[in-house]
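For reference, the chains in residue letters:
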Amino acid sequence: RAWLDNPSNTRDASWHYVVDETMIIQGIPEREEAWHSGKQEGNRYSIGIEICESQDRRKTLERAAEFVAEKLREYDWGIERIKKHYDWTGKNCPRILLDSAYIQRGMNWDWFLDKVSYYLKEGGNMAKEKRYNTIEEIPDWAKATLQKLMDKGVFAEPKKLDLSEDMVRLLVVNDRAGSYQ
């Protein structure tokens, strides 16, 4: 997102969303024309989603596939509406899914479409799957309980809690019921 706002950036390019292994950032509103496809039709009538793979490719592609499925569901579109940059201009993009020199462990375009289809059918779980790894990430309403459990040595690795929101709620309920005296 910072690249789009940088005043020294003179390139006429933009996108609606960028996805990596940890987050999704909206660049511009979906109803605005992004310059992402290389063709006027693609810029005006599609949602540009950039995949930013910097560490965990599988996790990044899974997140992107689930996000694409959410967008398809939101607009009541089918998987046939998905287009690659390649479909607009012939550009070898997304390269990590199209070019055999960059494809890893079978994660190619067909694999990606299969993942999108899976999330479209299963409903996805992006909103439901928030996880907390440190006490700093825990919501304020649960910090006292988690700190109490950490002080008792309940967690082997306090910097790798890997707790879902449901797990945190259960721990707080048990604490309030007096289970951790």
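The following refers to the structure shown. (Residues numbered from 1 in each chain as written. Predicted model: local features only at pLDDT ≥ 70, side-chain atom pairs only at ≥ 80, totals over all residues. Heavy atoms only, no water.)

Things to note about helix α3 (residues 57–75)
An α-helix turns once every 3.6 residues. As a result, residues three or four positions apart point the same way.
Here comes step 1: Over its 19 residues, α3 extends 27 Å from the first C-alpha to the last, a length consistent with the 27 Å expected when each residue adds 1.5 Å.
Here comes step 2: What α3 keeps buried is the set Arg57, Thr60, Leu61, Glu62, Ala64, Ala65, Glu66, Phe67, Val68, Ala69, Lys71 and Leu72.
Here comes step 3: Where the residues of α3 are buried, they touch β1 (17–19), β2 (24–26), β3 (49–51), α5 (95–98) and α6 (109–122).
Here comes step 4: Between a side-chain oxygen at the N-terminus of α3 and the backbone nitrogen of Arg58 the separation is 3.3 Å; the capping residue is Asp56.
Here comes step 5: Two residues or fewer past α3, Asp76 is found with a positive phi of approximately 60°. (Helix = DSSP H or I, 4+ residues; strand = E, 2+ residues; numbered from the N terminus. Expected span 1.5 Å × (residues − 1). Buried < 20%, exposed > 50% of the residue type's maximum accessible area, 1.4 Å probe, protein only. Contact = heavy atoms within 4.5 Å. Polar contact = N/O pair within 3.5 Å; in protein donor to acceptor, adjacent residues only side chain to side chain.)

Some points on the nonpolar core
Here comes step 1: Counting residues in hydrophobic clusters, the biggest one holds 19 residues, and the most contacted among them are Leu61, Val68, Ile82, Leu97, Phe112 and Val116.
Here comes step 2: Those elements that place two or more of their residues in this core are β1, α3, α5 and α6.
Here comes step 3: By residue number, the principal contributor to this core is α3, which donates seven residues.
Here comes step 4: Non-local contacts of Leu61, meaning those with residues more than four positions away in its chain, are made with Ile51, Ile96, Leu97, Met107, Trp111 and Phe112.
Here comes step 5: Within the second largest apolar cluster, 14 residues are counted, among which are Ala142, Met150, Val168 and Leu171. (Core = buried A, V, L, I, M, F, W, Y, C linked by side-chain atoms within 4.5 Å.)

Digging into the packing of aromatic side chains
Here comes step 1: Enumeration according to the criterion identifies four aromatic pairs in this entry.
Here comes step 2: A ring pair is formed by Tyr17 and Phe67, whose centres lie 4.8 Å apart and whose planes are at 70°; its orientation type is edge-to-face. Remark: Phe67 occurs in helix α3 and Tyr17 occurs in strand β1; sequence separation between them is 50 residues.
Here comes step 3: Taken together, a centroid distance of 4.7 Å and an interplanar angle of 20° make the contact between Tyr75 and Trp77 stacked.
Here comes step 4: A relative accessible area of 26% places Trp77 in the partly exposed class.
Here comes step 5: Positioned above the aromatic ring of Trp88 is the side chain of Lys83, whose terminal nitrogen or guanidinium carbon lies 5.7 Å from the ring centre. (Phe/Tyr/Trp six-rings, centres within 6.5 Å; stacked < 30°, edge-to-face > 60°. Lys NZ or Arg CZ within 6 Å of the ring centre and 35° of its normal.)

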